[in-house]
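Inside the fold
Letter by letter, the chains look like this.
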Amino acid sequence: VQLQASGGGLVQAGGSLRLSCAASGIIFSIRTMGWYRQAPGKQRELVATISSGLSTNYADSVKGRFTISRDNGKNTVYLQMNSLKPEDTARYYCNAKHEYTIPPRENWGQGTLVTVSS
């Protein structure tokens, strides 16, 4: 299983970035895909998830600014991040959670770094 995240970088406050996570080795269509982030000295936190049925969930801190989407044909999940703030600075991790196993089987990517300058 491989989750390859990309698209991170350095951006000024107010700018935008689009993260991508390409999955291989899993049946992508039955996974809830998610983005999590971890800032230095802080715990990893949920950013957004999207289920196989396209239901989405967002952290309050990113609602209205971030949009998660998926392309099952490309086994890829995206995170469009607009109006970025310095507090969005973190390493962003892709997560794939199986929807039919109990407990849910999940996999993590290696993360991509997002730095927002003020």
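So, here is what we can say about the structure in this document.

Some words on the overall build of the protein chain
- Along the backbone of the protein chain there are 0 helices and 11 strands.
- At 14 Å, the protein chain has a C-alpha radius of gyration in line with the 13 Å of a compact globule built from 118 residues.
- Here the C-alpha coordinates of the protein chain stretch approximately 40 × 25 × 25 Å along the principal axes.
- Burial analysis of the protein chain (118 residues in total) assigns 43% to the buried set.
- Of the roughly 6,100 Å² that the protein chain leaves accessible, carbon and sulfur atoms contribute 48%.
- Across the protein chain, the 13 positively charged side chains and the 7 negatively charged ones have centroids separated by 4 Å.

Overview of the nonpolar core
- Formed by 30 residues in total, the largest nonpolar core has its most connected members in Trp35, Val77, Leu79, Met81 and Tyr92.
- When residues no more than four places from it in sequence are discounted, the contact partners of Met81 are Gly15, Ser16, Leu17, Leu19, Arg65, Phe66, Tyr92 and Val114.

A look at the sheet that holds strand β3 (residues 17-24)
- Across the sheet, which stays open at both edges, the 4 strands sit in the order β1-β3-β8-β7 with antiparallel pairing between neighbours. The outermost strands of the open sheet, each flanked by one partner alone, are β1 (2-6) and β7 (66-71). On average, each strand axis in the sheet is tilted by 15° relative to the strand beside it, whichever way the strands run.
- Of the strand pairs in this sheet, β7 and strand β8 (residues 76-81) are connected by 6 bridges, and their pairing is antiparallel.

Here's the deal with the side chain of Ser51
- The residue Ser51 is located in the loop between β5 (45-50) and β6 (56-58) in this model.
- Overall, the relative accessible area of 17% leaves Ser51 in the buried class.
- Not counting the four nearest positions on each side in its chain, Ser51 is found in contact with Arg31, Thr32, Arg70 and Glu99.

Some thoughts on the side chain of Asn107
- Structurally, the position occupied by Asn107 is in strand β10 (residues 106-108).
- Side chain to side chain, Asn107 and Arg31 meet in a polar contact 2.9 Å long.
- Once residues within four sequence positions are removed from consideration, Asn107 is found in contact with Val1, Leu3, Ile26, Arg31, Cys94, Asn95 and Ala96.

Comments concerning the pairing of β8
- Counting buried positions over the 6 residues of β8 gives 5, a clear majority of the element.
- Relative to β8, β3 is paired through 6 bridges, and the arrangement is antiparallel. Each residue of the ladder has a partner; that of Leu17, found in β8, is Met81.
- In this structure, the hairpin formed by β7 and β8 is closed by a connection of 4 residues, where Asn75 is found at a positive phi of approximately 50°.

Scoring rules and cut-offs
Residues numbered from 1 in each chain as written. Predicted model: local features only at pLDDT ≥ 70, side-chain atom pairs only at ≥ 80, totals over all residues. Heavy atoms only, no water. Helix = DSSP H or I, 4+ residues; strand = E, 2+ residues; numbered from the N terminus. Rg over C-alpha atoms; globule rule 2.2 N^0.38 Å. Buried < 20%, exposed > 50% of the residue type's maximum accessible area, 1.4 Å probe, protein only. Areas by Shrake-Rupley, 256 points an atom, 1.4 Å probe, with all protein chains shown as cover. Lys, Arg positive; Asp, Glu negative; His and termini not counted. Charge placed at Lys NZ, Arg CZ, Asp CG, Glu CD. Core = buried A, V, L, I, M, F, W, Y, C linked by side-chain atoms within 4.5 Å. Contact = heavy atoms within 4.5 Å. Pairing = 2+ DSSP bridges. Axes fitted to C-alpha atoms, helices over the stretch in contact; angles between N-to-C directions. Polar contact = N/O pair within 3.5 Å; in protein donor to acceptor, adjacent residues only side chain to side chain.

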